[in-house]
Each structure stands twice: as C-alpha cells, then as structure tokens.
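# Results of the structural survey
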Amino acid sequence: MREIKYEDVVNTVADMCIEACVFLKDDMKEALRKAYEKEESETGKKIMGQILKNLEVAEAERMPICQDTGLAVFFVEVGEEVKVSGGGLTAAINEGVRKGYKEGYLRKSVCDPITRKNTGDNTPAIIHYTLVPGDKLKLAIAPKGGGSENMSTVKMFPPSAGWEGMKKFAIEWIAQSGGNPCPPTVVGIGIGGNFELAAINAKRAIVFRNIGQRNPDPFWAEKELEILEEANKLGIGPMGLGGTVTVLDVFIEVAPCHIASLPFAINTQCHANRHAFREI
Amino acid sequence: MAKKITTPLTDDVIMSLEIGDEVELSGIIYTARDSAHKRMIEMLDRGEELPIDLKGQAIYYAGPAPAPPGKPIGSVGPTTSGRMDAYAPRLYDLGLKATIGKGPRAKPVIDAMVRNKAIYLTAIGGVAALPALRVKEAKVVAFEDMGPEAITMLVVEDFPLIVSIDAYGRDLHVEGPNRWKKI
C-alpha cells in the first residue's frame, strides 16, 4: 500500500484552489477569444473585450478572475492501493481548501442554509470520490460560483419525452436563464442514470471536457452541436444584453437508466469555467 | 465613448442616460447583497434608521474577495441582482438612484426606477480583477459580522458599467435579445 503524506495533499489542494481561481485554462481562453471575434452586437463585443482583459489583469495581479471563488467542488479518483497517512483524505482536502482560500485571498462563500452564517473558511468542500485500480490519487477541482449553479436543474422526464422533449426543455431553460448565469456559458447535460447520477454527470461533463471536445459517440456528439447551435440563436448574448454568443459549448454525458425513467440534468457553468488537476 | 458620471447622482444626470450607454462611475458606492438587504429591510420595518444614507447613492450588489496586502480590495465583480428584487423597490423609494449588478430585474423594480428617476447599471459578471483596480478606497461601514456580505463603502474612479435599465423604463435585457433572436 502506497502512502501519501497528509501535508502533501493539503499543500497540493491549496495550490489547486489558487491556480483554478486565478488562471483560466488555455481551451477556455481560446474559446473566449473566438467568442470575441464572433460576437456581432456592439455591447456584446465590448463585454467580451472586458472579459478577456480581466483574465490578463487577474494573472498579472494574482487576483481571482471572479470574486465568487465558489464552493470548492472536487472529483477525486482514489487508487485502491494508496492511502493518506497522518489524517484522512477528506480531512486533508478540507484543510487544503482552508489554506488555499486563506493564502490566496479567495472569498469564503459557504454558509448555513437557514441562518446564512458563513462557515468562515470555505469548508466543507463538496467531494465526489471514485475508487479505481492503482496507487495514484487524482484530484480535480472545479470552484463553482452561485450565479451559474442557481441556473441548474434536474428534470425527471417520462421516457416518451425522448430527445425532442429533452432538447425543447434545454433550450427553454437556457432562454429563461438569460443573463443570470453570466453568459457566454458552458452547458453540461447529464442524461440517464437516476436523479443524482444525472446531476453528477452534468457537472462531470463540464469538468472533464475541453471546449470543442465532442462526446466520443457520434450520436451524442451531434446532439451536443444541435443544442449549441440552437442556443446561440436565442439572442441572449454576453451577460444577457443581446448578441450572437450565448453558449460556448454543450457537453452531454449519458448513463443507462431505469425502464420507467428518463432523468435529465443541466449544470450551467459561467464563462469563468475554472478547473485545476493534479496527480499525486 | 463612455459617459462620466459621479455620485451622488442628480435627476438631470439620470434622465440623460439611456439603455446601452457605457458609463464610467466615480465617487462613493456601497456594496450590499443578500444578507445586508434582508437586515436593512428588517431595520426599516422596525422604524430604525439605516446605517447608510441612500439619497442620490448607488448600491453595488457585490461581496468582494479579501484584500491582498497593499491593495484596498480584492476582486470585486457583481452578483445576480434578481435576488435583491424583493428589497429594491423600497430602497429606490428612499432615494437610492442606482443599483449595480448583473442579470435582469423584475417589473416592480423597473416601476420603482421610473417612479423615482433612477437606473440599473450592469457590471460584467465574472469580471472582478479589472474593477478592483478602479477602487481607490474600501471601508466596511456596517454589518461587519456578515464577512464578505458586510456593507462596504467603496471610493471608485471610472468604474466601467453599462446602463441596462433606464429611468424611462426601457430594458436592455428585453430589447437586446429581441434584436438578436433568430428563432
């Protein structure tokens, strides 16, 4: 059994929090540059220009791109032959979040649902674990802002709804979300599974795909482009003030489901589509 | 070309602005978001005086990131304004001249703007490092216990904004998408 030191996980996680909140990955930067070129509305183009300039300022000043540095959401693959010594893995991740959000001057955005009292250190993190063969620990962080997360949903369709029903719902959902989730957005869709798996797949789609990377199944790849094209005809545009670029990409992840069900989830991601990845 | 405006905002300045105008705002603005609004309305319900004078002022729906060493404030972009719709008409009626945030507003809020000669300005969501450089001073002035949700007075210089609802009741969140809609 391979052992990883508690402190190594803490420090790695702290670095990931800061990196994700300050630096956008290259595929997203490229997508935003293309969106700037493509946007036809004058206001929309100005907004895209500011979004690009803000990325430069954030990097130069080492400040978060967006003040909403989000809930710290993790996808963790734990090898069956690895363990964390000197404390548990979950404790180490939370300690890393505490450290990263403090040292990176990131905003603490976690509170009690009723009293709204802030926990003060951005914990607890939300962690999705998968057990895999091997002796490695793979971590992915996706800090998630409240504005776009609020524009996410799960819908339990009857199987008769089919693709047309799901597509209609998705387009209407994007239309009614308007400027709220900070468009241009990235739309993650989970189809199948059950109530919670559809939602997790919708999020996973956003975290693990690069912009432009299609579902390997040609059937679903085509469906992704269908929604993308239609969504960009809605006219919502950057920040919902009108324009030709509303959605940067659509990712669909699919899982088998119950014979009675057609679960469907949309996770909406703002243009500050932030991730960091590490393997220990 | 952006129009330069300064707080406190006068009726003349407000009435000269139209949806789609780019403005650069200078002067004092106050941050307040969900919890601060809830508490302000509770204070008004009890007949208490608010900790800030709203007359002619602007409220920025924002909860800044902590200030790094040597800077007055951390990243400070807008939050979704719709969550403050339940509170906004009452504050406009008390003399508030502008709110700053992102996303559309409900009809009662737009009606309150028309009634009070007031506006709504869009700051670009997710653009938070850039505006932080336009903040010259920042000071928590009320509700310090709320952490990032405390009311903070910001002295800003050429803060970049877009007029998205004007005092004539025109709404860029409706007119903009209608103009570009292709289905």
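Now for a description of the structure that goes with this document.

### Things to note about the interface of chain A and chain B
Listed by partner, the interface residues are 43 residues for chain A and 44 residues for chain B. By residue class, the composition of the side of chain A that touches chain B is 17 nonpolar, 18 polar and 8 charged.

### Points about the sheet that holds strand S8 (residues 247-255) of chain A
Residues and elements named next belong to chain A. Spatial strand order, S6-S9-S7-S8: 4 strands in an open sheet with mixed pairing. Edge positions in the sheet fall to strand S6 (153-157) and S8, since each has one partner strand and no second. Taking the axes of each pair of neighbouring strands and ignoring which way they run, one obtains an average angle of 15 degrees across the sheet. Pairing of strand S7 (residues 185-192) with S8 involves 8 bridges; the strand directions are parallel. Note that in S8 the partner of glycine 192 across the bridge is alanine 255. Together, S6, S7, S8 and strand S9 (262-269) form the strand contacts of helix H6 (residues 162-177), whose direction differs from that of S9 by roughly 30 degrees.

### Details of helix H2 (residues 34-45) of chain B
Residues and elements named next belong to chain B. Helix length check: H2, at 12 residues, gives a terminal C-alpha distance of 17 Å against a target of 16 Å (1.5 Å per residue), a fit within 8%. Within H2, burial applies to Ser35, Ala36, His37 and Met40. The secondary structure elements touched by the buried residues of H2 are strand S7 (151-165).

The rules behind the values
- Residues numbered from 1 in each chain as written.
- Chains lettered and ligands numbered in written order.
- Predicted model: local features only at pLDDT ≥ 70, side-chain atom pairs only at ≥ 80, totals over all residues.
- Contact = placed C-beta atoms within 7 Å.
- Nonpolar A, V, L, I, M, F, W, Y, C, P; charged D, E, K, R; others polar.
- Pairing = 2+ DSSP bridges.
- Helix = DSSP H or I, 4+ residues; strand = E, 2+ residues; numbered from the N terminus.
- Axes fitted to C-alpha atoms, helices over the stretch in contact; angles between N-to-C directions.
- Expected span 1.5 Å × (residues − 1).
- Buried ≥ 20, exposed ≤ 12 C-beta atoms within 10 Å, placed from the backbone.

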